[in-house]
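Chain residues, written in single-letter form:
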Amino acid sequence: MTAETTTKFLRPIRSFVLREGRLTSAQERAFRDLWPLYGMDWTPDTPIDLAGLFGNAHPVVLEIGFGNGDSLAEMAEQDPQNNWLGIEVHRPGVGHLLLEIERRGLTNLKLMRHDAVEVLGRGIAPGSLERVQLFFPDPWPKRRHHKRRILTPELIGLLAHALRPGGVFHAATDWEPYAEQMLEILETSSETFENLAGPGGFSPRPAARPLTRFEQRGERLGHRVRDLMFRRR
Ligand SMILES: C[S@@+](CC[C@H](N)C(=O)[O-])C[C@H]1O[C@@H](n2cnc3c(N)ncnc32)[C@H](O)[C@@H]1O
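Scope of this entry: the structure provided in the associated data block. (Residues numbered from 1 in each chain as written. Predicted model: local features only at pLDDT ≥ 70, side-chain atom pairs only at ≥ 80, totals over all residues. Heavy atoms only, no water.)

## Quick look at the pattern of salt bridges
According to the stated counting rule, one finds 15 salt bridges in the structure shown. Note that E100 and R103 form a salt bridge whose closest N and O atoms lie 2.7 Å from each other. A residue pair is termed a helical-turn pair when its members lie 3 or 4 positions apart in one helix, as E100 and R103 do in helix α5 (residues 91-104) at three residues. Classification of E100 by relative accessible area gives buried; the value is 11%. What makes R103 exposed here is its relative accessible area of 60%. Salt-bridge contacts for R226 lead to E176; the nearest nitrogen and oxygen are separated by 3.2 Å. Placement of the pair is R226 in strand β8 (residues 226-232) and E176 in helix α8 (residues 176-188), with a sequence separation of 50 residues. On the basis of relative accessibility, which here comes to 28%, the residue E176 falls in the partly exposed class. Beyond isolated ion pairs, a larger network of salt bridges with shared partners links E74, E77, E100, R103 and R104. (Salt bridge = Lys/Arg side-chain N within 4 Å of Asp/Glu carboxyl O. Helix = DSSP H or I, 4+ residues; strand = E, 2+ residues; numbered from the N terminus. Buried < 20%, exposed > 50% of the residue type's maximum accessible area, 1.4 Å probe, protein only.)

Pasting the structure below:
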């Protein structure tokens, strides 16, 4: 085996391709001054002390792939009784949300810059999350890219482990074939997850979910938005 094929063999398939993107000067300042306040560095395989991170034992809602984070900031501000943890890999998005946390004076929202799948699998204690949100994940529409879609049976297994009994997984997408695939995967996990819309159904959009940036883009393109809400048994 050549070095190249070995590397290819060992590299996991990820749900994102990291494009660094340029930071604005405000975002650069955010990483310098605000990351120590609202960001969390994580060494893989270290259990994350959620109560220590937030300074209290309030329930924790995790959002995977928050993009620019405006809708996450809005939800955290509207719901101070919960702690909110956002995980995103895209640096400009993280920088944008750091500035938004400062502007809104939020104390219940913390950020990680990491692969959320890895964090779920190797950092979150069993049954420690109240809710997990996955809004408008990259649809990877080309067939050869479907393997990059983040919602897989493996992810559902990690969510079943991380959510408390009664906790909820909430996904939304504007890509109909992906919505159908998500539904199929989740329905197959009916031993661990109950569809809040009833078997085979999509949920109505909850009023508490603000429009996200990608959702607005989908709406401009005339896409129908689907919400899926499943409760951990
Ligand atoms: C299509 S965007 C949607 C962003 C936002 N939720 C919205 O609706 O505007 C998907 C985001 O998920 C992030 N992402 C994809 N895979 C991820 C992973 N494994 N861990 C953390 N973030 C991820 C991407 O960087 C991207 O910002």
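## Re helix α4 (residues 70-78)
Because the α-helix completes a turn every 3.6 residues, residues three or four places apart line up on one side. All of the buried residues along α4 are S71, L72, A73, M75 and A76. Packed against the buried residues of α4 are β2 (60-64), β3 (83-87), α5, β4 (109-112) and β5 (129-135). (Contact = heavy atoms within 4.5 Å.)

## Notes on the site of the ligand
In the region of the ligand, 19 residues are neighbours, and S15, E88, D115, F135 and T212 sit closest. Contacts to the ligand include F135, whose backbone N or O atom sits 2.7 Å from a nitrogen atom. Measuring from an oxygen atom of the ligand, one finds a side-chain N or O atom of T212 at 2.6 Å. Bound to the protein, the ligand loses 93% of the 600 Å² it would expose on its own. (Near = heavy atom within 4 Å. Polar contact = N/O pair within 3.5 Å; in protein donor to acceptor, adjacent residues only side chain to side chain. Areas by Shrake-Rupley, 256 points an atom, 1.4 Å probe, with all protein chains shown as cover.)

## A closer look at the nonpolar core
It is characteristic of soluble globular proteins that their nonpolar side chains tend to be buried jointly. In terms of nonpolar packing, the biggest core is built from 39 residues, with L120, L129, L151, L159 and F169 touching the most fellow members. Of all hydrophobic cores here, the second largest spans 23 residues; its members include W35, L106, L109 and L111. (Core = buried A, V, L, I, M, F, W, Y, C linked by side-chain atoms within 4.5 Å.)

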